[in-house]
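Each chain is listed here by its residues.
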Amino acid sequence: MRALVWHGKHDIRCDTVPDPAIEQPRDAIVKVTACAICGSDLHLYDGFMPGMKNGDIMGHEFMGEVVEVGSENHRLKKGDRVVVPFTIICGECDQCKRGYFSVCERSNRNKEMADKVFGHATAGLFGYTHLTGGYPGGQAEYVRVPCADASAVKIPDGLTDEQVLFLGDIFPTGWQAAVQCDIEPTDTVAIWGAGPVGQFAIRSAVLLGAKQVVAIDHVPERLDMARAGGAITINFDEESVLERLKELTHGKGPEKCIDAVGLEAHATRSIDSLYDRAKQAVMLETDRPHVLREMMYVCRPAGTLSVPGVYGGLLDKIPFGAFMNKGLTMRTGQTHVNRWTDDLLRRIQEGQIDPSFVITHRVGLEEGPGMYKTFRDKQDGCIKVVLRP
Amino acid sequence: MTCAAPISAGSAETLARGLGWFSIALGALELAAPRTLADTLGMKDREHLIAGYGAREIATGVGILAASDPAPWIWARVGGDVLDFGTLAAGLSTENPRRGSVFVALATVMTVAGLDVFCAQSLAMNRRVAGQRPRQDYSRRSGWPQPPAAMRGAARDFDVPRDMRTPDALRPYPPN
Ligand SMILES: NC(=O)c1ccc[n+]([C@@H]2O[C@H](COP(=O)([O-])OP(=O)(O)OC[C@H]3O[C@@H](n4cnc5c(N)ncnc54)[C@H](O)[C@@H]3O)[C@@H](O)[C@H]2O)c1
Ligand SMILES: [Zn+2]
Ligand SMILES: [Zn+2]
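As the structure is a prediction and not an experimental result, all values here were calculated from the model. (Residues numbered from 1 in each chain as written. Chains lettered and ligands numbered in written order. Predicted model: local features only at pLDDT ≥ 70, side-chain atom pairs only at ≥ 80, totals over all residues. Heavy atoms only, no water.)

(A) Region of interest: the confidence of the model for chain B. On average, residues of chain B score 89 in pLDDT, and 95% of them reach the 70 mark or higher. For this predicted complex, the interface score ipTM comes out at 0.89, while the overall pTM is 0.85. (pLDDT = per-residue confidence, 0-100.)

Here it is, written out as structure tokens:
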């Protein structure tokens, strides 16, 4: 089969690789009908996440048709249409039972390595480094889905691929980011990053009833799309984020702040951005936490920071004094996708939201490698790429 | 007229960053060892000037790396190249026993100056090309059946799970 394969930093190719086969009785093989490139994939493309190996198959946002099931998979059958969450879950461990799926205790088959790096292993993820199990990803014609009986979301007839594809990652991710803020009708929610995750966080914050939603980015098309979703926007190239946020909240600061940017935060006109680039260059720091710093500084005391943006390692110059003394709360993590999918699928079915609004590019798998670059560089108005194997 | 930029926006920015680090490294060298440099070039009386140039190099380097648009700082480097060129040219007199080193230094300055100009122009061209590209119109892509104002709070039926709720003490006061 054909698949997008990681060969090194900035080197992703569409290769021919062996087809996957059932390995465990709860597995299923899914023939992919649509998949997407995620901002998280960019961290691998740019070589910021440790633990990738030459030959790894990329991709963790995908859906398709079940073509084979293992002997103990009684929930799925051949021909089922499914969206597969990017988190692999056993559905039976302590964490899964509590709904903390992204820290499932059993699905990471490289537990020992991950225990060493993070203290405890987190769930297995598709196409996302050997620290999370080294599972072949979904930017491919076929994927083996481990424990498919626990995670795969069955899709009822009448919905298109594009309407439901994002149930596997970015829609629940934006949703959890907003839910973690426990939004009050009096809240201002400030959201850094108007990429796909930011766009869904904006929609979710509005649906959950925030008084005011503010989106921060510097890509004009993304800011347009943010405004379409009801956000007030700040272009960080043109104005001071901290001053504008204060102005919009009468000096008090937003009650809730969401980091939908992560470790590759862009340099803004600030000295700390330069500091991060320098330390990253000499490998004294792995991530660029500019957004975290801004959030801690501007958030209203007793407010909440919600961090769906991905970080990989060590961060420097975090104003923890502000965080502690202001009594802020931080909630973070990879998304517990299956915790939200039923509810969000219902909202799509009822017509409350159509997630396909975010798609700007549709191409075949062979054009995938080029699209990584287009998406990374935000060229050609690119916000979300869907690939059709 | 649209003309394609010689290198992509990303490559131009990478080149700019490279030049920024080069500035800082050279500046540090000039600040740390102005006497050695002056001796090498047979320009003993220029020690303070060289240290001053070092400070200038570091300032432009920091500017290039910190600015969201490095182009003006790259042009500042070009200005600096002209100064360097003038200063070095004075060392070419036949009386200078170190003329050879001065020649090498001049050749280096000219090469780097070429790179500086190329980088500044590529940055400008990429900016122009980006400006000419018609901007995609996403201003109606809400994903919703109704305008945002009508959708506000449409999901208030959702029960925030207990583990994600704000503790009572941190809720707005008086509670609403
Ligand atoms: N927690 C999860 O489970 C989960 C799931 C999916 C994605 N993610 C993460 O969410 C983040 C965003 O993903 P995406 O797909 O939207 O990626 P993206 O790269 O398309 O979007 C990031 C956006 O942030 C903007 N940005 C950069 N620097 C900024 C700054 N200083 N201030 C404000 N905005 C800035 C960029 O211009 C860009 O539009 C990534 O880190 C991704 O890994 C997390
Ligand atoms: Zn993702
Ligand atoms: Zn589990």
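(B) Spotlight on the sheet that holds strand β2 (residues 11-16) of chain A. All names here are of chain A. Spatially, β2-β1-β4 is the arrangement adopted by the 3 strands of the open sheet, whose pairing is antiparallel. Looking at the sheet topology across the chains shown, the edges are occupied by β2 and β4 (56-57). Of the pairings in the sheet, the one linking strand β1 (residues 2-8) to β4 comprises 2 bridges and is antiparallel in character. Pairing of W6 across the sheet is with D56, part of β4. Where helix α14 (residues 368-376) meets the sheet, it contacts β1 and β2, and its direction lies at approximately 160° from that of β2. (Pairing = 2+ DSSP bridges. Helix = DSSP H or I, 4+ residues; strand = E, 2+ residues; numbered from the N terminus. Contact = heavy atoms within 4.5 Å. Axes fitted to C-alpha atoms, helices over the stretch in contact; angles between N-to-C directions.)

(C) Spotlight on the domain arrangement of chain A. All names here are of chain A. For chain A, the domain assignment lists domain 1 (2-169 + 335-388) and domain 2 (171-332). For domain 1 and domain 2, the distance between their C-alpha centroids amounts to 25 Å. The partner domain 2 presents 23 residues to the 32 residues of domain 1 that form the contact. At the junction of domain 1 and domain 2, the tally comes to 8 residue pairs in polar contact (both at pLDDT 80 or more). Looking at the side of domain 1 that touches domain 2, the elements with two or more residues in it are α1 (39-45) and α13 (341-349). (Domains from an automatic or database assignment. Polar contact = N/O pair within 3.5 Å; in protein donor to acceptor, adjacent residues only side chain to side chain.)

(D) Representation of the coordination of the zinc ion (ligand 3) within the structure. The coordination sphere of the zinc ion (ligand 3), as far as protein atoms go, consists of C90 of chain A (SG), C93 of chain A (SG), C96 of chain A (SG) and C104 of chain A (SG), spread over 2.3 to 2.4 Å. Between the 4 donor atoms coordinating the zinc ion (ligand 3), the angles at the centre fall across 105 to 117°, so the site counts as tetrahedral. (Donors = N, O, S within 2.8 Å, 3.2 Å for Na, K, Ca; no water. Tetrahedral: all angles 85-135°; square planar, octahedral: opposite > 155°, others 65-115°.)

(E) Up close: the interface of chain B and chain A. With 37 residues of chain B at the contact, the number on the chain A side is 56 residues. Surface buried jointly by chain B and chain A totals about 4000 Å² across both partners, of which 54% is contributed by carbon and sulfur atoms. The three residues of chain B that bury the most area against chain A are Y138, R141 and M164 of chain B, which together make up 17% of that side's buried surface. The tally of links from chain B across to chain A stands at 6 salt bridges. The tally of links between chain B and chain A comes to 23 residue pairs in polar contact (both at pLDDT 80 or more). Only α1 (9-32), α3 (47-66) and α6 (148-151) of chain B provide two or more residues apiece to the side of chain B that touches chain A. If you tally residues by element for the side of chain B that touches chain A, the top one is α3 of chain B, at 3 residues. Its residues placed into classes, the side of chain B that touches chain A shows 17 nonpolar, 9 polar and 11 charged. (Buried area = accessible area lost by both parts, 1.4 Å probe. Salt bridge = Lys/Arg side-chain N within 4 Å of Asp/Glu carboxyl O. Nonpolar A, V, L, I, M, F, W, Y, C, P; charged D, E, K, R; others polar.)

(F) Geometry of the site of ligand 1. Residue and element names in this part refer to chain A. The environment of ligand 1 is formed by 35 residues, the closest being S40, H43, D217, H266 and P308. Note that an oxygen atom of ligand 1 is positioned 3.1 Å from one of the backbone N or O atoms of V310. Take Q334: an N or O atom from its side chain is 3.0 Å from an oxygen atom of ligand 1. If ligand 1 stood free it would expose 860 Å²; the protein chains cover 97% of that surface. (Near = heavy atom within 4 Å. Areas by Shrake-Rupley, 256 points an atom, 1.4 Å probe, with all protein chains shown as cover.)

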